[in-house]
Amino acid sequence: MIVLFTDFGLEGPYTGQVKAVLYRATPGVPVVELFADAPAGQPKPAAYLLAAYGIWFPPGTVLLAVVDPGVGGNRGAVIIEAEGRWYVGPDNGLFELVVRRAADARTWEIPLRRGPLSASFHGRDLFAPVAAELARGELPSQMPREPGIGRHGDWPDDLPEIVYIDHYGNAMTGLRAALLPAGGRLTISGRVLRRARTFSDVPPSDAFWYENSNGLAEIAVNGGRAAEALDLVIGSPVAMDS
Amino acid sequence: MIVLFTDFGLEGPYTGQVKAVLYRATPGVPVVELFADAPAGQPKPAAYLLAAYGIWFPPGTVLLAVVDPGVGGNRGAVIIEAEGRWYVGPDNGLFELVVRRAADARTWEIPLRRGPLSASFHGRDLFAPVAAELARGELPSQMPREPGIGRHGDWPDDLPEIVYIDHYGNAMTGLRAALLPAGGRLTISGRVLRRARTFSDVPPSDAFWYENSNGLAEIAVNGGRAAEALDLVIGSPVAMDS
Amino acid sequence: MIVLFTDFGLEGPYTGQVKAVLYRATPGVPVVELFADAPAGQPKPAAYLLAAYGIWFPPGTVLLAVVDPGVGGNRGAVIIEAEGRWYVGPDNGLFELVVRRAADARTWEIPLRRGPLSASFHGRDLFAPVAAELARGELPSQMPREPGIGRHGDWPDDLPEIVYIDHYGNAMTGLRAALLPAGGRLTISGRVLRRARTFSDVPPSDAFWYENSNGLAEIAVNGGRAAEALDLVIGSPVAMDS
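Calculation rules
Within each chain, residue numbers correspond to sequence positions counted from 1 in written order. Lettering for chains starts from A, numbering for ligands starts from 1, and both go in the order in which the items are written. Local features in this predicted model are restricted to residues of pLDDT 70 or higher, and side-chain atom pairs are both shown and tallied only at a pLDDT of 80 or more, whereas totals for entire chains, interfaces and linings draw on every residue. Note that the side-chain values use all heavy atoms of the structure and ignore hydrogens as well as water. Only runs of H or I of at least four residues qualify as helices and only runs of E of at least two qualify as strands under DSSP, and these elements are numbered from the N terminus. Our radius of gyration looks at C-alpha atoms and nothing else; its globule reference is 2.2 Å times the residue count to the power 0.38. Relative accessibility thresholds used throughout: buried, under 20% of the residue-type maximum; exposed, over 50%; partly exposed, between the two (1.4 Å probe, protein chains only). Residue contacts are counted whenever heavy atoms from the two residues lie within 4.5 Å of one another. Note on definitions: buried area is the accessible-area loss of two parts on being combined, 1.4 Å probe, summed for both. Under this definition, polar contacts are N or O atom pairs within 3.5 Å; protein pairs additionally need one hydrogen-donor-capable and one acceptor-capable atom, and for neighbouring residues in sequence, both atoms have to be side-chain atoms. All amino acids are sorted into three groups, where Ala, Val, Leu, Ile, Met, Phe, Trp, Tyr, Cys and Pro are nonpolar, Asp, Glu, Lys and Arg are charged, and the leftover types, Gly among them, are polar. Two aromatic rings, drawn from Phe, Tyr or Trp (for Trp, its six-membered ring), form a pair once their centres lie within 6.5 Å of each other, and the interplanar angle then sorts them: stacked below 30 degrees, edge-to-face above 60, tilted otherwise. A carboxyl oxygen of Asp or Glu within 4 Å of a side-chain nitrogen of Lys or Arg is what we treat as a salt bridge. When DSSP finds two or more bridges between a pair of strands, those strands are recorded as paired. Angular values range over 0 to 180 degrees, each being the angle between N-to-C directions of two axes fitted as lines to C-alpha atoms, with helices fitted over their stretch in contact.

### Brief notes about the overall build of chain A
(1) Moving on: A count of helices and strands for chain A gives five helices and 13 strands.
(2) Moving on: Here the C-alpha radius of gyration of chain A, 19 Å, is about what a compact globule of 242 residues would show, namely 18 Å.
(3) Moving on: Dimensions along the principal axes, computed over C-alpha positions, put chain A at roughly 55 × 40 × 30 Å.
(4) Moving on: Across the 242 residues of chain A, 58% fall into the buried class.
(5) Moving on: Within chain A, contacts between residues separated by at least 24 positions form 66% of all contacts whose residues are at least 6 apart in sequence.

### Side note on the interface of chain A and chain C
(1) Moving on: At the junction of the two partners, chain A supplies 26 residues and chain C supplies 28 residues.
(2) Moving on: Taken together, both faces of the contact between chain A and chain C bury some 2,200 Å²; the carbon and sulfur share is 57%.
(3) Moving on: In terms of surface lost to chain C, no three residues of chain A exceed E11(A), Y14(A) and R24(A), which account for 26% of the buried area on that side.
(4) Moving on: There are 12 residue pairs in polar contact (both at pLDDT 80 or more) connecting chain A and chain C.
(5) Moving on: No other element matches helix 1 (residues 13–25) of chain A, which puts nine residues into the side of chain A that touches chain C.
(6) Moving on: Tallied by class, residues from the side of chain A that touches chain C come to 11 nonpolar, 10 polar and five charged.

### Brief notes about the packing of aromatic side chains
All names here are of chain B.
(1) Moving on: Inspection of the entire model under this criterion finds 39 aromatic pairs over all chains.
(2) Moving on: Taking the centre distance of 5.1 Å and the plane angle of 90 degrees together, the rings of F35 and Y53 count as edge-to-face. Highlighted residues: F35 in strand 2 (residues 31–35) and Y53 in helix 2 (residues 43–54), separated in sequence by 18 residues.
(3) Moving on: Accessibility expressed as a relative area gives 1% for Y53, which makes it buried.

### Considering the environment of V66(A)
All names here are of chain A.
(1) Moving on: Within the fold, V66 resides in strand 3 (residues 62–66).
(2) Moving on: By relative accessible area, which is 3% here, V66 ends up buried.
(3) Moving on: Sequence separation between V66 and P45 is 21 residues; the distance between their C-alpha atoms is 13 Å.
(4) Moving on: Those residues in contact with V66 that lie beyond four places of it in its chain are F5, T6, D7, F8, P90, L94, G123 and F127.

### A closer look at the pattern of salt bridges
Between side chains of opposite charge, a pair can form when the charged atoms approach closely.
All names here are of chain A.
(1) Moving on: Applying the stated rule across the entire model yields 45 salt bridges over all chains.
(2) Moving on: Linking R100 and E96 is a salt bridge whose minimum nitrogen-to-oxygen distance equals 2.9 Å. One end of the pair, R100, and the other, E96, are both in helix 3 (residues 96–101), four residues apart, so they sit about a helical turn from each other.
(3) Moving on: With relative accessibility at 3%, the residue E96 sits in the buried group.
(4) Moving on: Among the charged side chains, a salt-bridge network with shared partners connects E96, R100, R151 and D157.

### Digging into the sheet that holds strand 7 (residues 159–165) of chain B
All names here are of chain B.
(1) Moving on: Within the open sheet, the four strands sit side by side as 7-8-12-11. Their pairing is antiparallel. Both edges of this open sheet fall to strand 7 and strand 11 (207–211), since each of them pairs with a single strand only. Neighbour-to-neighbour, the strand axes of the sheet open up by a mean angle of 30 degrees, direction not taken into account.
(2) Moving on: Direction of pairing for strand 11 relative to strand 12 (residues 216–221): antiparallel, over a ladder of five bridges. Directly across from W209, in strand 12, lies its bridge partner I219.

### A short note on the interface of chain B and chain A
(1) Moving on: With 26 residues of chain B at the contact, the number on the chain A side is 29 residues.
(2) Moving on: Carbon and sulfur atoms supply 57% of the area that chain B and chain A bury against each other, a total of about 2,200 Å² over both sides.
(3) Moving on: Taken together, chain B and chain A are joined by zero salt bridges.
(4) Moving on: At the junction of chain B with chain A, the criterion picks out 13 residue pairs in polar contact (both at pLDDT 80 or more).
(5) Moving on: Here the side of chain B that touches chain A takes nine residues from helix 1 (residues 13–25) of chain B, the largest share from any one element.
(6) Moving on: Each residue belonging to the side of chain B that touches chain A can be placed in one class, and the counts come to 11 nonpolar, 10 polar and five charged.

Following this line, the structure appears as structure tokens:
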């Protein structure tokens, strides 16, 4: 299975052209759009989202991940193998948390000259063909690069910020809920929120936080839209009470 | 074929994770997103929409239908077989009109403990695996429950309200057009609208109603957006002239 | 492969029903949504977009293209074969630039009475079944119509207007960049924009134009949304400096 994690949107031509490349190169391999609205042009919050959602897939999955504001410039391109999953995308920090949290991970650099390459759409012209090769079982032929290159050691292990706002207006943080104290509270936009198990455990219109279905601490309002109610955007800071 | 009828949206992770579960469990079975923007958290209008659109599919189709504001609470989960089609989803009224209008229908309850189950995403963790079993031809092994349990007898046969606003701004009602008088008028937002066959039979910018391609009475404006022009939302009441 | 180019949107029922028809009629043939947000109800700008993106696909591809404000009226329906690609859709100018730019092209008229046909959804009831036949290798059985019928000779070879605004707020023109002078400037909304290779060659927040990944001149702002910054909509005029 090939999984797409991008900021391309679905209705315009970008996801469709990537899928056309994949379907031609790996007939019969399913392609799933996981996120088409990852934080646009922001690899850092996207990295925490990708790390939380990528590990939900079984080993062998190929994740094509493109949040790539530097496309056409001098940023590199990489293949990552982490705990049996393959990731392909720009070398801009997007895979930092995937690598950091993996028991084992290797990184290969992708040469930027592999054929006709547009200046603005490496998702279609560079990353999709590489993802298709991996999905067909073709392994990188060169040596992995030295560990430690291209790392973002200054990024925290968990990001106390909003990293994604979903279709319902719920706001995901870059914090893994399992690492927070059981009765911990989160402060956001001046509001102190208690933890709940899920929506139906909270009175209507109450704001709370909970461990979402992929392990992230998520801000929500029962029957409402947390992002609007609490004025949240990607990057809004979250503070943890101890 | 497995058909998705949800309020999950497409761009975020929910539809993608459901599709990943289905593709793994039933390789080669196509998955079609019918609605990803069913009335959010509102099983009642969604029930009239599902009843109108579900019967368009041939017998044997599996419809995974999730509009589920009570997820994680004590609402049940069901499989419905109605005129040869299978429906899977929450037991909250979403299938009321499917059952009521079917010549034959049976309902099975799905035990809530079938494996790891998140508190907030039964679409992925509970309903998708069941839909995959049905698509593989595995029938429910227990007995159907007694008819009459879990029914919403107080809901009308047709709902005189807006149940869906589409991409073009057209507003679908919960009324089956075939049951309305041929020359009938509909009153909405204080406007009396006449019936037309389709857009091109009406002067530009005129509001009208017509039988849409799945049999619902739909409010439209030729060359315009009815929802904005007439200030319509899900739940706006419609009155029938006789 | 069958490629969808429509103004149907993705979340509502239209794309899903079309895909259901295609999957049933041509099992195993991939279906790709190229555009679901082509200029709504505007065949003229859509024609320039389709001509630019259609030729990216290899010969043998079937493109189901529906931007069809006259559905249910007396406009015709056509199959086009142009340089080995097949196009199916309404006979309203949508294929004018595909035909005009092709070294060879033939057009067949589709009889409007082929079976049950809704008045408002020919994409599902008429065009999708025809696209499926072509994807199965079934050729039109009647004779092509005379060249010259149904042409829009008054439309320019390139359209100096915005024809599409993408997910990032970039605005595509109907101008092929390869035909513009290398150092040419474009004037839009009173601003004179210089050409750049791509985003990363331009200071943050600067507006510019560039040749996009399918050859159209596209207006962009590095790190911003050009459509909002320059107040652009479908139809905004663009002037070329020589």
